[in-house]
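# Per-entry structural report
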Amino acid sequence: MISENSFLVDCQERIEEILLENLPQIDRLPVELHQAMHYSVMAPGKRIRPLLVYAAGHALGASVDDLDEQACALEYIHAYSLIHDDLPAMDDDELRRGRPTCHVKFGEAMAILAGDALQSLAFETLGRCKASDSKTVRMISVLANASGSHGMAGGQAIDLASTGESLTIPELENLHILKTGALIRASVLLGAISASEDEEKINLLDHYAKCVGLAFQIVDDILDVTSDTETLGKTQGKDAAQEKTTYPSLLGLSESREKARQLCQDALKSIEVMGDAASPLRAIGLSILSRTS
């Protein structure tokens, strides 16, 4: 569906240029650190989080020109999280986006530094956005909260602590809302906050993001069972190998697919009031169900 939406196609091309423009020059000291940052950020990816920034802003009337820094910041945070997620002390993976992971390519210490530097760069970039000072402060707070112990990092900590343990559905849902959903929610909120001060519409978009974020992770769990390493671009079957609780392990594949479908339906219903302006958000929501990687 994304490939059929011209707005999203244009935004995918745009974000590649913006990401590269805001990265440190690759030949500037410290060269190896900058190489590691470029390697991880510019690896082929779907750019779902930047697209959500653009699509949410578009739904409320913002120009893409006013959303570049916000979209860029989200992808830098995402790239940093993937670098650290793959480290030997974390998920210990050797493949990401079809290529050797950052620590395999550059060594563990340099990978840690690259992740740290990208996290800092995300907030530096967001601080340069074209929004008012009050909106910029709010967006910085949203992104920081989504990245920290009440968001992505907290979800990762729970994930590590629960490896080998049996989780209930509510416990698994909470893990995913933090680990994956928080950053997806932040993506939509940054686009919405940039575009509008209508809290009712911002809340509708936030509900869309909550549903889409959880559906995204459920489909991730399904693909870890049904897909293959080459298609995924990362090691298939890692969840089962590490004895992690997943939606398929608790509900089975059929019920997991149905839950993801219901969540996407709920997400799309919440943005009906926004009409055609929300068509890119609808395309993203529908694309989640047809993901293959």
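The shown structure was predicted, so the numbers you read here are calculated from the model rather than taken from an experiment.

### Considering the packing of helix α7 (residues 133-147) against helix α9 (residues 169-195)
At their nearest, the axes of α7 and α9 sit 9 Å apart, and the two run at 175° to each other. Here α7 is positioned roughly antiparallel relative to α9, judged by the angle of their axes. Only Ala182, Leu183, Ala186, Leu189, Leu190, Ile193, Ser194 and Ala195 of α9 make contact with α7, whose side of the interface consists of Lys135, Arg138, Met139, Val142, Leu143, Ala146 and Ser147. Taken together, the residues of the contact of α7 with α9 break down into eleven nonpolar, two polar and two charged.

### As for the packing of aromatic side chains
Scanning the model with the defined rule gives one aromatic pair in all. A ring pair is formed by tyrosine 39 and phenylalanine 106, whose centres lie 5.5 Å apart and whose planes are at 75°; its orientation type is edge-to-face. Taken together, the positions of tyrosine 39 in helix α2 (residues 31-41) and phenylalanine 106 in helix α5 (residues 102-106) put the pair 67 residues apart, joining distant regions of the chain. Neither tyrosine 39 nor phenylalanine 106 differs from the other in exposure class; each is buried. The cationic tip of arginine 291 hangs over the ring face of phenylalanine 216; the distance from NZ or CZ to the ring centre is 3.9 Å.

### Side note on the pattern of salt bridges
Here the idea is simple: oppositely charged side chains can pair when their charged atoms come close. Overall, the coordinates contain 16 salt bridges when judged by the stated rule. A salt bridge links glutamate 124 to arginine 128, with the nearest nitrogen and oxygen atoms 3.2 Å apart. Given the relative accessible area of 40%, arginine 128 is considered partly exposed.

### Some words on the nonpolar core
Of all hydrophobic cores here, the largest spans 87 residues; its most connected members are Leu52, Tyr54, Tyr76, Leu118, Leu205, Tyr208 and Leu281. Take this core: its biggest share by element is 13 residues, from helix α10 (residues 199-226). What leucine 281 contacts, discounting residues up to four positions off in sequence, is Leu52, Ala55, Ala56, Ala59, Leu205, Tyr208, Leu268 and Ile271.

### Remarks on the environment of leucine 143
Structurally, leucine 143 can be placed in helix α7. Residue classification places leucine 143 among the buried residues on the basis of a relative accessible area of 0%. Here the alpha-carbon distance between leucine 143 and leucine 183, two residues 40 residues apart in the chain, equals 7.5 Å. Once you skip the residues sitting within four places of it in the chain, leucine 143 turns out to touch Ala73, Leu74, Ile77, Phe123, Leu126 and Leu183.

### Looking at a negative patch on the surface
Taken together, the side chains of Asp10, Glu13, Glu17 and Glu21 make up a negatively charged region of the molecular surface. Among the residues examined, glutamate 17 registers a relative accessible area of 52% and is labelled exposed.

Conventions and cut-offs
- Residues numbered from 1 in each chain as written.
- Predicted model: local features only at pLDDT ≥ 70, side-chain atom pairs only at ≥ 80, totals over all residues.
- Heavy atoms only, no water.
- Axes fitted to C-alpha atoms, helices over the stretch in contact; angles between N-to-C directions.
- Helix = DSSP H or I, 4+ residues; strand = E, 2+ residues; numbered from the N terminus.
- Parallel < 35°, antiparallel > 145°, perpendicular 65-115°, else oblique.
- Contact = heavy atoms within 4.5 Å.
- Nonpolar A, V, L, I, M, F, W, Y, C, P; charged D, E, K, R; others polar.
- Phe/Tyr/Trp six-rings, centres within 6.5 Å; stacked < 30°, edge-to-face > 60°.
- Buried < 20%, exposed > 50% of the residue type's maximum accessible area, 1.4 Å probe, protein only.
- Lys NZ or Arg CZ within 6 Å of the ring centre and 35° of its normal.
- Salt bridge = Lys/Arg side-chain N within 4 Å of Asp/Glu carboxyl O.
- Core = buried A, V, L, I, M, F, W, Y, C linked by side-chain atoms within 4.5 Å.
- Patch = residues over 30% accessible without salt bridge, like charges linked within 9 Å, V, L, I, M, F, W, Y side chains within 5 Å.
- Areas by Shrake-Rupley, 256 points an atom, 1.4 Å probe, with all protein chains shown as cover.
- Lys, Arg positive; Asp, Glu negative; His and termini not counted.
- Charge placed at Lys NZ, Arg CZ, Asp CG, Glu CD.

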